[in-house]
Amino acid sequence: MSMSERKLTPDLFRPANLDSNKAEEISKPSLSFWQDAFRRLKQNKGAMLGLFAIVFIIIFSLIAPTLTKYGIDDQELMRSNLPPKVPGLEKIEFLGVNGVDIRGVNQYEMKSVPKDQYFWFGTDNLGRDQWTRVWKGTQISLYIAFLASAIELIIGVAYGGISAFYGGRTDDVMQRIVEILYGIPNLVVIILFIIILDPGILSITLALVITGWIGMSRIVRAQIISLKNREFVLASRTLGSTNGRLISKHLLPNTLGAIIVTSTFTIPGAIFFESFLSFIGLGIQPPVASLGSLIADGFRSIRIYPHLAIYPASVLCILMISFNLLGDGLRDALDPKMRR
Amino acid sequence: MLRYITQRILYMLLTLLVIATITFFLMKLLPGSPFNNQDKLTETQRYALNEKYGLNDPVPVQYINYITKLAQGDLGYTFQFDGRTVNSLIVNGMGPSATVGFEALLFGTIVGLLLGILAALRHNTFLDYGAMVIAVFGIAIPSFVFAGLLQYYIGVKLEWLPVAFWNGPEYHILPAFSLSVGVIATVARFMRTEMLEILGTDYILMARSKGVSKSSVIFKHSVRNSLIPIVTILGPMAIGLITGSLVIENIFAIPGIGEQFVKAIQVNDYPVIMGTTIFYSFLIVAIILIVDILYGIIDPRIRVAGGKS
Amino acid sequence: MEKLLELDNIHVSFQTYGGEVKAVRGVSFTLDKGESLAIVGESGSGKSVTSKSIMRLLPNKIGSIKQGSIKFQGKDLAKASERDMEKIRGAEISMIFQDPMTSLNPTMTIGKQIMEGLRKHQNMSKSEAKERAVNLLKLVGIPNPELRVDEYPHQFSGGMRQRVVIAIALSCNPKVLIADEPTTALDVTIQAQILDLMRDLQDKTGTAIILITHDLGVVANLAQRVAVMYGGMIVETGTVDEIFYKPKHPYTWGLLASMPKLNAESKELLAIPGTPPDLMNPPKGCPFAARCPYAMEVCLENMPEATDVSSSHKAACWLLDERAPKVEPPEEALVGGAR
């Protein structure tokens, strides 16, 4: 007899009082799909970092231009091509924000700029304040990206949804059209459209939308087709649900994850194309600026005035990386199957 | 399989026809004739020029002529240089463009594959995280920003490599590398996901249960099977490379098709814009078609399924 | 009988996001040469994990053998190097997996997949290995083996694929064959064929079989001895007759009662109420206590020890203690009506 057994008293051999309900009890609180997804997203450090960076840049791009007294097109050739100078930080030499250019000349003294004038990101060749231009440019890049993505979303969801939901001949015709459009390289269409429409905020947005919605419509269609034949939708249909109810209660909520993830990736895509177009001279025209046009202008004089390219390029890179991190995080959170 | 290919080629031709038509009519929408700006021309000279290029014909006739010529591979004349054809410009630019593109594709694919395989094999380690950080940066940062930074730091500041132009092998490194960053990132990410999925399958467990060595499991079973779907991203990658080449060639002053295209956009050389557009479309559509057929050939599951239908 | 494989007090744990899951908690059993042992239990009882730890095929980094030894012909597999394991896997011990649809490499011909093990373990030349592959396919009953050897898995039906998997597993004449739910994913008619094939092959080759299943029908067909697992432990072992006709553990009663019987008067199948224990925080006492209709206070706090019922029959249940009230198994648990 082992030690443990000796301590057992006969009264332990009475039937135990077990609550039969307890056996069925679920120990963990149940989370809805969205609560669970949000919990997973919060655990993803990269995605949260991306989210904060995006929110920060959006808010900052709205506030920042009001912090200086210079407008986006305030030209003053007397103060052209000034390197950055920031009050306070100018004393720390290695930061390079003390008004000294790459050849070691203090441009502020040479051009006898008043002592109380500071250009935090420097000025461009027309003496415009780069700080104002960078943040206004960020506003415009973001505006175009969000607008284009929103329109793409509406068209894509409607087209894909109708095509998948009605199926049959409707789907056939609609998909043949998409197949041909899908074969056309978006680069080509976008460039052609800009040439015809003349570059501008609206024409760029339109050019992005013209091909952009196809990707969204294909994803929505694929999702809805797979959902349509799932048991819970069939069950709801046999219980007499109307089409409207099927769409609003079953199909759309279950497609929402894919739609959100796709949108998170179309936004950086739109930012990229806008800056790309600006870079090859088809984008935003002066005096208005976008991140892409600022970078393009900056690269033209990068050997002498690197500050002109570095700041808008940094903002662009941070935005692109943040949206990609957030998109990856959302995909992992909303599609647990993809989680690795 | 044959029926499938024929069907795909028909779709491809239809797509190209749609693109050519859109291009043609969009260009017709632009006001004025190409020669209106040249003040030195007299009315008769202008008429003669218009007549020579067939611009006096009614639009439908012009359209038919245009499409007929296009079908024969004739893209017309450029406005920039006297008597030079768009075809000759494209042929001249093809060499440098194809070289940079191919170098970037080769380098990017090899590095991306290695990175992706290592990341998957060392899943959830530092190496994995490092590779994925590189991938996110590579996908997120536009190649022209990357090219500009490389040019400034390595070309201008450190003077390790030539800043621009196209005069020998050392001139290839910066542009090809800038262009390959996106390829590295895309391939690495795709390969990692694919490898992780395959490493978790039953048939890998089965292979291990046969006593097959670790390297055999990794190369014969996992890598081989992961490589098959990689083919599917070749199409989007080719589009990315072409997009990238437009600006990369511009930044590094490489005399390629992309540089000519951007120049043509800036000086409104419509025949070159149209010609290059159609050339690019043809290239992309053809690459996607070839990739799809290739995929069918290397994946035995599709190979047979296609053969039976 | 000679002992071929001996598991002693094996503990296996998985590290997950939520914590350590103790999937197997002290499993011991032996397997004799040419014997067939069935390990029965519901999903999550640890039966598959046990079999994978014998092969040392637990997922790297996450799963590990914490304690115990796995003696195979005198050698402890729990401590063997990966290189030694490569020599044993396939050659000495081989495995059949549950789903034949996913356990074959889709991009490799059937022949190559059979030849892999042969080339590695028996140093065969390509042509020898191919010849053997054709013979193996014939042995497992695949028509036209000469042609089919060059085909890909998707050209085979589910049942045919499982035959191929069996051919692969038996290619190097292993001493032990672990079959992890070999028929679960197949149609009922195909199931019988595969079981017949396995029994037939066992007669021919004398391979010992460990059959992992939740299906008692399969057990009766193929096994000589049975180990019933629950909550990561073996709760009862015995010969097939002992488990079916004289079961001692209430969980085994529950299993038998939930099995459909043709001659039973009551048409109702009995389910065991409740869910298996959470192996992240396993109960201190008997794992089955929370669902056991006969649970006593002792069961909740104290782990029952395996008690000999006969020389071949053991059960771990406090009901077998002399102080416990005498309980008879319920009607529904009696297979042949014998008491």
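This is a predicted model, so every value here is computed, not measured. (Residues numbered from 1 in each chain as written. Chains lettered and ligands numbered in written order. Predicted model: local features only at pLDDT ≥ 70, side-chain atom pairs only at ≥ 80, totals over all residues. Heavy atoms only, no water.)

A. A look at the nonpolar core. Counting 119 residues, the largest nonpolar core has Ile191, Ile271 and Phe276 of chain A together with Phe144 of chain B as its most contacted members. Examining the composition of this core, we find that 13 residues originate from one element, helix α13 (residues 307–334) of chain A, more than from any other. Here Phe276 of chain A is in contact with Leu187 of chain A together with Phe144, Thr243, Leu246 and Val247 of chain B, once residues within four sequence places are set aside. If you look at the next biggest cluster of nonpolar residues, it comprises 107 residues, including Phe29, Ile39, Met55 and Trp253 of chain C. (Core = buried A, V, L, I, M, F, W, Y, C linked by side-chain atoms within 4.5 Å. Buried < 20%, exposed > 50% of the residue type's maximum accessible area, 1.4 Å probe, protein only. Helix = DSSP H or I, 4+ residues; strand = E, 2+ residues; numbered from the N terminus. Contact = heavy atoms within 4.5 Å.)

B. Summary view of the packing of aromatic side chains. Scanning the entire structure with this criterion turns up 24 aromatic pairs over all chains. With centroids separated by 5.4 Å and ring planes inclined at 90 degrees, the aromatic side chains of Phe165 of chain A and Tyr166 of chain A adopt a geometry described as edge-to-face. The class for Tyr166 of chain A is exposed, based on a relative accessible area of 53%. Centroid distance Trp253 of chain C to Tyr294 of chain C: 5.4 Å. Interplanar angle 85 degrees. Geometry classified as edge-to-face. Residue Trp253 of chain C is found in helix α10 (residues 250–257), and its partner Tyr294 of chain C is found in the loop between α10 and α11 (297–301); the two are separated by 41 residues along the sequence. Assessed through its relative accessible area of 4%, Trp253 of chain C is described here as buried. One aromatic cluster in this structure is built from Phe56, Phe60, Trp131 and Trp135 of chain A. If you follow Arg148 of chain C out to its NZ or CZ, it ends over the ring of Phe156 of chain C, 4.1 Å from the centre. (Phe/Tyr/Trp six-rings, centres within 6.5 Å; stacked < 30°, edge-to-face > 60°. Lys NZ or Arg CZ within 6 Å of the ring centre and 35° of its normal.)

C. Seen up close, the sheet that holds strand β7 (residues 176–180) of chain C. Residue and element names in this part refer to chain C. If you walk across this open sheet you meet the eight strands as β6-β7-β8-β3-β9-β10-β12-β11, and the pairing is mixed. Two strands in the sheet have a free side with no partner beyond their single neighbour: β6 (93–96) and β11 (306–308). Going from strand to strand, the sheet's axes swing by 20 degrees on average, the running direction of each strand aside. Looking at chain direction, β6 and β7 are connected through four bridges and run parallel. Note that in β7 the partner of Met95 across the bridge is Ile178. Of the strands in this sheet, β3 (36–40), β6, β7, β8 (208–213) and β9 (225–230) are in contact with helix α1 (residues 47–55), which crosses β6 at around 145 degrees. (Pairing = 2+ DSSP bridges. Axes fitted to C-alpha atoms, helices over the stretch in contact; angles between N-to-C directions.)

D. Spatial organisation of the UniProt feature "domain: ABC transporter" (unreviewed entry) in chain C. As recorded in UniProt, the feature "domain: ABC transporter" (unreviewed entry) lies at residues 5–256 of chain C. Between the end C-alpha atoms of residues 5–256 of chain C there is a gap of 28 Å, over a span that is 39% helix and 28% strand. (UniProt positions renumbered as here; feature names shortened; annotations may be inferred.)

E. Main features of the sheet that holds strand β2 (residues 19–32) of chain C. Residues and elements named next belong to chain C. Taking strand neighbours across the sheet as the criterion, the four strands line up as β2-β1-β4-β5 in an open arrangement whose pairing is antiparallel. Of all the strands in the sheet, the pair left with one neighbour each is β2 and β5 (75–76). Pairing of strand β4 (residues 63–72) with β5 involves two bridges; the strand directions are antiparallel. Bridging across to β5, Lys71 finds its partner in Asp76.

F. Structural context of the interface of chain A and chain B. Between chain A and chain B, the residue contacts involve 37 residues of the former and 47 residues of the latter. The contact between chain A and chain B buries some 3,700 Å² in all, and 81% of this surface belongs to carbon and sulfur atoms. Joining chain A to chain B, the criterion identifies one salt bridge. The partner of Arg189 of chain B in a salt bridge is Asp328 of chain A, and the shortest N-O contact between them spans 2.6 Å. Summed over the shared surface of chain A and chain B, the result is two residue pairs in polar contact (both at pLDDT 80 or more). Broken down by secondary-structure element, the contributors of at least two residues to the side of chain A that touches chain B are α7 (168–183), α8 (186–197), α11 (243–279), α12 (291–300) and α13 of chain A. With 10 residues, the single largest contributor to the side of chain A that touches chain B is α13 of chain A. A class-by-class count of the residues in the side of chain A that touches chain B yields 27 nonpolar, four polar and six charged. (Buried area = accessible area lost by both parts, 1.4 Å probe. Salt bridge = Lys/Arg side-chain N within 4 Å of Asp/Glu carboxyl O. Polar contact = N/O pair within 3.5 Å; in protein donor to acceptor, adjacent residues only side chain to side chain. Nonpolar A, V, L, I, M, F, W, Y, C, P; charged D, E, K, R; others polar.)

G. Summary view of the side chain of Thr264 of chain A. All names here are of chain A. In this structure, Thr264 sits in helix α11. On the basis of relative accessibility, which here comes to 7%, the residue Thr264 falls in the buried class. Within polar-contact distance, the side chain of Thr264 engages the backbone oxygen of Ile260 at 2.6 Å. Thr264 has contacts with Phe323, Leu326, Gly327 and Leu330, leaving out every residue within four places of it along the chain.

H. Summary view of the environment of Phe177 of chain B. Residue and element names in this part refer to chain B. One can find Phe177 in helix α7 (residues 173–199). Each C-alpha atom, one on Phe177 and one on Thr6, is 38 Å from the other, the two residues being 171 residues apart in sequence. The residues contacting Phe177, other than those within four sequence positions of it, are Phe107, Phe146 and Leu150.

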